[in-house]
Each structure stands twice: as C-alpha cells, then as structure tokens.
Amino acid sequence: MIDLRSDTVTQPTSAMREAMMSAPLGDDIFGDDPTINELQDRVAALFGMEAALFVPSGTMANQIAIRTHTQPGDEIICHRLSHIYLYEAGAPAAISGCSMHLLDGERGMFTADDVRTAIRANDQHFPTSRLCVIENTQNRGGGSVWPIEQIANISKTARELNLRMHLDGARIMNACVAAGVSPEDYAKYFDSATICFSKGLGAPVGSALAGTKAFIARAKRFRKMFGGAMRQSGILAAAAIYALDHNVERLATDHTNAKKLAAHVSTCPHLTVETPETNIVYFDVDEQTGSAADIEAKLNKANIRVLALSPQRLRAVTHLHIGKDDIQGAAETIVNSASKS
Ligand SMILES: *Cc1c(COP(=O)(O)O)cnc(C)c1O
C-alpha cells in the first residue's frame, strides 16, 4: 500500500521509538520533565523567541494562540483557505468568541494591502481587528511557500495598525527547506508561531507554540483549561527532538518526489496538475473522465491511497515512507486510473 493521503500517516521508525524509550521523564505539570524542557528550549531557539510550550496537536497550538491573543468580539484576519478557518471545527468562534475576516488571493496568500483594507475602523459598531494569521506552508493553497518579503510587508502593516501576527507553522520546516530561509527569519515577523512534529517530521504526536515569556505563561493557563497539560509527555517530546535532529533536511526528498509525481501525472490529458512547491500535490480530474471519488476508489483497489477533496479535486502528499520507486509506481497507476474509464 502506498499511502499518499497525508504526511500524517507515518509510523515512528525504530530509531525514533528507541529515542522515546530512553528519554528521561517527569511530571510536566510540575515542570519536572527534562525532555519536555529540552524540546521547549529547542523550539524557542529555533524560532528565536523567548519561550515555547509543547501541546498535543497543531489545532490546539493555534487555538491556544488565538485565545491568548484575543478577547470575545475580536476579529481575526486570515485567508479563506486557512486551516484555522476550514479545518479546526469552528474553534475561533466556539472557544475564543472571534469572528473571521477572510481574504482571497492566489495559492492561499494575501498582501499587506489586503490586510490594510480588512482592518476595521475604531467604531463601536465594528469588531476589533486584533490578529492576522499566516499559514506557511499554506496547505489548501498547494503547500505554497510565502515569499519572505510579503510576510515582512504584512508584518510592518500589522504593527502600524496594532494588529498581532500569528504564524501557523504546522509545515514551517517544509517552507524553510524549500526556500532556504531559517525558521528564525520567518518568525521575527510574528508575535507567536507554531510547529507540528506529526506532519512531515514523522513524530506520532505533538506540536509546539512559541512566543514571549509573558505570552507563553498565559498560553500555559489555556493549555490547562483546554485539557492539553500532560504528565510524562517527554516520551512524546523525545520523538519530536529526534524529528528535529533527523527529519528536517530530508524534507527536500519529499519535495523532489512531489515534483516527480506531478510531472508524471501531468502527462495524462484527463488530469490537471498544479506544480507543487513542497510536498503537497493537487490534481483535478476532468468531468468526462469521472469524479475525484471515482479516481480515489479505483486507486484504492490498486493499493494507492489519495484523498478526494471536492467533486473533481484530489490530493497526494509525499512523506518519509515514500521512496522513488513508490513515486514511479503511484504516478503510473494514477495516470492509468484516469485513462481507462
Ligand atoms: C495539520 C495542520 C494543523 C493542525 O493539525 P493537527 O492535526 O491538529 O495536529 C494546523 N495547521 C495546518 C496548516 C495544518 O496543515
């Protein structure tokens, strides 16, 4: 089975499991877990920020950040395709009482001018524009990588307008490897940033949130409130540390594999492929050939798993269990699935 549904389907390797088995542990709610403390220091240093907090999921990292930055009645400015809007179960409204001002733009990205236009005037009728969220890489935008100048411009505008900046960095290391930009260089434009260890980095569980010491102290209370404070969680942090040490540079291989897959699939006249920037490949099947669900089902029978996302659109994601031969085989099978219908 070649599973290209997501980069979250990976299993911890035996070396990663060994690192987990041998990690020194303690009760993290007492601050006693040395492995958690080590990971949090690593993440703070990675982003050049003062402090960091380990949390169970990327969703919780984003939602704690939103809850910490905002109050009910505030508005969050983000792209229409952002994860916090599409895929977090309505949490900004449910948990933080925030409305969202949705921006458009190619590949999930927007500009400083878009942000300026979205800002509400200071008037009792309006919600308070409080937070701007940028996702890098942008998942639904095609795993796209934000040009750093565009982020710098948005950040400058946000600071002028008293708007805080949050980076949804679930796949920030994919962006860093693809663009040759350090996490710190991106993070300096933000008040808070996340990283997810259970996507392309291959850990089984966990994300982290970084920011100032004061921000993280407040975020810690919300982590407790949301049920995300854990005990001997260093066993998970050990996997994350292992991932940072061993699985970052190899993301370049996932990006190469995604490009190869896209190039091969684009030879099929019934499929339209977006050229991937990182590890996520989106492709559309033409209506005469069938639906995305038809292609998904056919591929499933041929032991290739992809995700049908909308009536014509499919997604394939490369990750650390996918080798060159898998890509060749998967690409041929995908082309066949759209040819013989
Ligand atoms: C996966 C993802 C998250 C959160 O993921 P969890 O499944 O909650 O860990 C957040 N943002 C983006 C862009 C993601 O792709």
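Before reading further, recall that the structure is shown in the block above.
Reference entry: report on the structure contained in this document. (Residues numbered from 1 in each chain as written. Predicted model: local features only at pLDDT ≥ 70, side-chain atom pairs only at ≥ 80, totals over all residues. Heavy atoms only, no water.)

### Considerations on the sheet that holds strand β2 (residues 51–55)
Selection criterion: Paired strands, as defined in this entry, are two strands with at least two bridges between them according to DSSP. A helix here means a DSSP run of H or I that spans at least four residues, while a strand means a run of E at least two residues long, and both kinds are numbered starting from the N terminus. Throughout, an axis means a line fitted to C-alpha atoms (over the contacting stretch in the case of helices), and angles, computed between N-to-C directions, take values from 0 to 180 degrees. What makes two residues a contact is simply this: any of their non-hydrogen atoms within 4.5 Å.
With respect to topology, seven strands assemble into an open sheet ordered β2-β8-β7-β6-β5-β3-β4, the strand pairing being mixed. At either margin of the open sheet sits one strand with a lone partner, and together these are β2 and β4 (99–103). Ignoring strand direction, the axes of neighbouring strands in this sheet form an average angle of 20 degrees. Sheet analysis places strand β3 (residues 74–79) next to β4, joined by five bridges and oriented parallel. Pairing of C78 across the sheet is with L102, part of β4. Contacting β2, β3, β5 (128–135), β6 (164–168), β7 (192–196) and β8 (207–211), helix α3 (residues 58–69) runs over the sheet at an angle of about 25 degrees to β8.

### Some points on the pattern of salt bridges
This is how the line gets drawn: For salt bridges, the criterion is a side-chain nitrogen of Lys or Arg within 4 Å of an Asp or Glu carboxyl oxygen. For every residue, the accessible area (1.4 Å probe, protein chains only) is compared with the maximum for its type, and the residue is labelled buried under 20%, exposed over 50%, or partly exposed between those bounds.
Scanning the model with the defined rule gives 15 salt bridges in all. Residue R130 is joined to D74 by a salt bridge in which the shortest nitrogen-to-oxygen separation is 2.7 Å. Placement of R130 in strand β5 and of D74 in strand β3 is noted, with a sequence separation of 56 residues between them. No difference in accessibility class separates R130 from D74, as the two residues are buried. The residue R116 makes a salt bridge to E160 at a minimum N-O spacing of 3.1 Å. One end of the pair, R116, is in helix α6 (residues 112–118); the other, E160, is in helix α7 (residues 148–160), and 44 residues separate them in sequence. For R116, a relative accessible area of 39% puts it in the partly exposed group. Note on E160: relative accessible area 49%, which makes it partly exposed. Salt bridges sharing common partners tie together R107, E274, E277, D284 and R313.

### Describing the packing of helix α1 (residues 14–21) against helix α11 (residues 234–246)
Using the following cut-off: Working definition: roughly parallel below 35 degrees, roughly antiparallel above 145 degrees, roughly perpendicular at 65 to 115 degrees, and oblique for all remaining angles. Less than a right angle of anticlockwise turn of the near helix away from the far helix marks a crossing as left-handed, whereas a clockwise turn marks it as right-handed. Residue polarity is assigned by list, with Asp, Glu, Lys and Arg as charged and Ala, Val, Leu, Ile, Met, Phe, Trp, Tyr, Cys and Pro as nonpolar; anything else, Gly included, falls into the polar class.
At their nearest, the axes of α1 and α11 sit 8 Å apart, and the two run at 135 degrees to each other. For the element pair α1 / α11, the angle class is oblique. As α1 packs across α11, the resulting crossing turns out to be right-handed. Here A15, M16, A19 and M20 of α1 come into contact with α11, specifically with I235, L236, A238, A239, Y242 and A243. Residues belonging to the contact of α1 with α11 are distributed by class as follows: 10 nonpolar, no polar and no charged.

### Focus on the packing of aromatic side chains
Centre-to-centre distance and the angle between the planes together describe a pair of aromatic rings. Selection criterion: Planes of paired rings set the category: under 30 degrees apart is stacked, over 60 is edge-to-face and the rest tilted, where pairs are Phe, Tyr or Trp rings (Trp by its six-membered ring) whose centres lie within 6.5 Å.
In the structure shown here, the tally under the stated rule is three aromatic pairs. Taken together, a centroid distance of 6.4 Å and an interplanar angle of 25 degrees make the contact between F54 and F197 stacked. Remark: F197 occurs in the loop between β7 and β8 and F54 occurs in strand β2; sequence separation between them is 143 residues. The exposure classification of F54 matches that of F197, with both residues buried. On the numbers, 5.1 Å between centres and 80 degrees between planes, the contact of F110 with W146 is edge-to-face. Here the residue F110 occupies a position in the loop between β4 and α6, and W146 occupies one in the loop between β5 and α7, the gap between them amounting to 36 residues.

Geometric descriptors of this kind do not, in isolation, establish any biological role.
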